[in-house]
Amino acid sequence: MTEVRHQAELIKTKYETEAKYLKTLEAKGSDNQRVQQNKLEQNEKNRLEYDKKLQSLNEAIAVSQNELSGQETVSKKVKELEKYETKIEQNLDTHKKTLKFFQENDTCPVCTQSIDTKFKEDKCNHETTKISKLELGLSQLVEELTKQSEKVNAFGKISQKIQDMNLEIAKITSSLESLKRHSDSIQSDLSNRNQQEVDIEAIELELEKLRQDLKVAEQNLNKVQEEKGYVDILRDILNDKG
């Protein structure tokens, strides 16, 4: 009888232990799956937001690139105007020196001959007229050069804007890659959880078997106890001397 009772207690203890473990797995699995699923949903929301930002940035870049139309032509024109500016300034400087020479000299410093007054006057008038034309031309050129330089600066700002947007795109792309890795990791974990559910099913089957074994053991124990009761009654009857 002691052995039967011991066997029944062992089965009962194992059954209770397995049942408790199963309950823990089910609670943990359910809570964790809910948390992981929420993370997946949040990642999907973030992905959609990032995709929306990418689309907006790409559209803005396309618009800005159209605004850069003619940049090369303007840059080339600025370089040409700068060359003309230098050439005019050099010519202007030469004519001013010539005018100054005739204004300050009545005698040629090389041959020491007197400079004809009429020739000197005509030369001064010629140089003065030439200088006026050059200064007017230079003024107009500088005005045009300023306009074209402003365009170059505007193109530079647009190019910088495009560069900044491309940098933002790179950051968003990196974030999307990180999101994908995180979501893939969660999906892998959920797959492992599915395998764990299979393990839970195995434990449930084992519990059912233990439940049946425990039922048989308890029936055997009751049977032994009843038989012992009959034996004790017979023993009392046989021992009764009255």
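A short note on the overall build of the protein
And then number 1: Scanning the protein from terminus to terminus reveals three helices and zero strands.
And then number 2: Put simply, the protein has 242 residues, and 21% of those count as buried.
And then number 3: Put simply, 88% of the contacts in the protein that link residues at least 6 apart link residues at least 24 apart.
And then number 4: Approximately 18000 Å² of the protein is accessible, and the part contributed by carbon and sulfur atoms is 50%.

Remarks on the packing of aromatic side chains
And then number 1: With the rule as written, the count across this model stands at two aromatic pairs.
And then number 2: Ring geometry for Phe101 and Phe102: centres 5.2 Å apart, planes at 80 degrees, overall edge-to-face.
And then number 3: Measuring from centroid to centroid gives 5.8 Å for Phe102 and Phe119, while their planes differ by 70 degrees, and the two rings are edge-to-face. Linking Phe102 in helix H2 (residues 71-104) with Phe119 in helix H3 (residues 117-238), this pair joins segments that are 17 residues apart in sequence.
And then number 4: Taken together, the aromatic side chains of Phe101, Phe102 and Phe119 make up a single cluster linked through ring pairs.

Digging into the pattern of salt bridges
And then number 1: Inspection of every chain in the model, using the stated rule, returns eight salt bridges.
And then number 2: Here Asp122 makes a salt bridge to Lys118, at a shortest N to O gap of 2.8 Å. Of this pair, Asp122 and Lys118 both sit in helix H3, four residues apart, roughly one helical turn.
And then number 3: A salt bridge links Lys180 to Asp184, with the shortest nitrogen-to-oxygen separation between them at 2.9 Å. With a gap of four residues between them, Lys180 and Asp184 both fall in helix H3, about one helical turn apart.
And then number 4: Each member of the salt-bridge network shares a partner with another, and the members are Glu44, Arg47 and Asp51.

Topic: the environment of Gln37
And then number 1: By the secondary structure assignment, Gln37 is in helix H1 (residues 2-67).
And then number 2: As a C-alpha pair, Gln37 and Ile186 span 149 residues in sequence and 8.2 Å in three-dimensional space.

Comments concerning the side chain of Gln148
And then number 1: With respect to the secondary-structure elements, Gln148 resides in helix H3.
And then number 2: The class for Gln148 is buried, based on a relative accessible area of 5%.
And then number 3: A distance of 2.7 Å separates the side chain of Gln148 from the side chain of Glu144, its partner in a polar contact.
And then number 4: Dropping the residues within four chain positions of it, Gln148 is found in contact with Val74, Lys77, Val78 and Leu81.

Some thoughts on the environment of Ile61
And then number 1: Note on placement: Ile61 falls in helix H1.
And then number 2: The spatial distance from the C-alpha of Ile61 to the C-alpha of Lys161 is 8.4 Å, given a sequence separation of 100 residues.
And then number 3: If sequence neighbours within four positions are ignored, Ile61 has contacts with Ile162, Met165, Asn166 and Ile169.

Re H2
And then number 1: In a regular helix each residue adds 1.5 Å, so 34 residues correspond to 50 Å; H2 covers 49 Å between its end C-alpha atoms and thus fits that length.
And then number 2: Restricting attention to buried positions, one finds in H2 the residues Val74, Val78, Leu81, Glu85, Ile88, Leu92, His95, Leu99 and Phe102.

Structural notes on the side chain of Ser64
And then number 1: The residue Ser64 is located in helix H1 in this model.
And then number 2: Residue classification places Ser64 among the buried residues on the basis of a relative accessible area of 2%.
And then number 3: The contacts of Ser64, once residues within four sequence positions are left out, are Ile158, Lys161, Ile162 and Met165.

Quick look at the environment of Glu80
And then number 1: Among the secondary structure elements, Glu80 is positioned in helix H2.
And then number 2: Assessed through its relative accessible area of 38%, Glu80 is described here as partly exposed.
And then number 3: Counting along the chain gives 65 residues from Glu80 to Leu145, while the straight-line C-alpha distance between them is 9.5 Å.

Re the confidence of the model for the protein
And then number 1: With 69% of its residues at a pLDDT of 70 or more, the protein shows a mean pLDDT of 81.
And then number 2: Across the protein, H2 holds the top mean pLDDT of 95, while H1 sits lowest at 75.

Here is what the cut-offs are and how they apply
- Residues numbered from 1 in each chain as written.
- Predicted model: local features only at pLDDT ≥ 70, side-chain atom pairs only at ≥ 80, totals over all residues.
- Heavy atoms only, no water.
- Helix = DSSP H or I, 4+ residues; strand = E, 2+ residues; numbered from the N terminus.
- Buried < 20%, exposed > 50% of the residue type's maximum accessible area, 1.4 Å probe, protein only.
- Contact = heavy atoms within 4.5 Å.
- Areas by Shrake-Rupley, 256 points an atom, 1.4 Å probe, with all protein chains shown as cover.
- Phe/Tyr/Trp six-rings, centres within 6.5 Å; stacked < 30°, edge-to-face > 60°.
- Salt bridge = Lys/Arg side-chain N within 4 Å of Asp/Glu carboxyl O.
- Polar contact = N/O pair within 3.5 Å; in protein donor to acceptor, adjacent residues only side chain to side chain.
- Expected span 1.5 Å × (residues − 1).
- pLDDT = per-residue confidence, 0-100.

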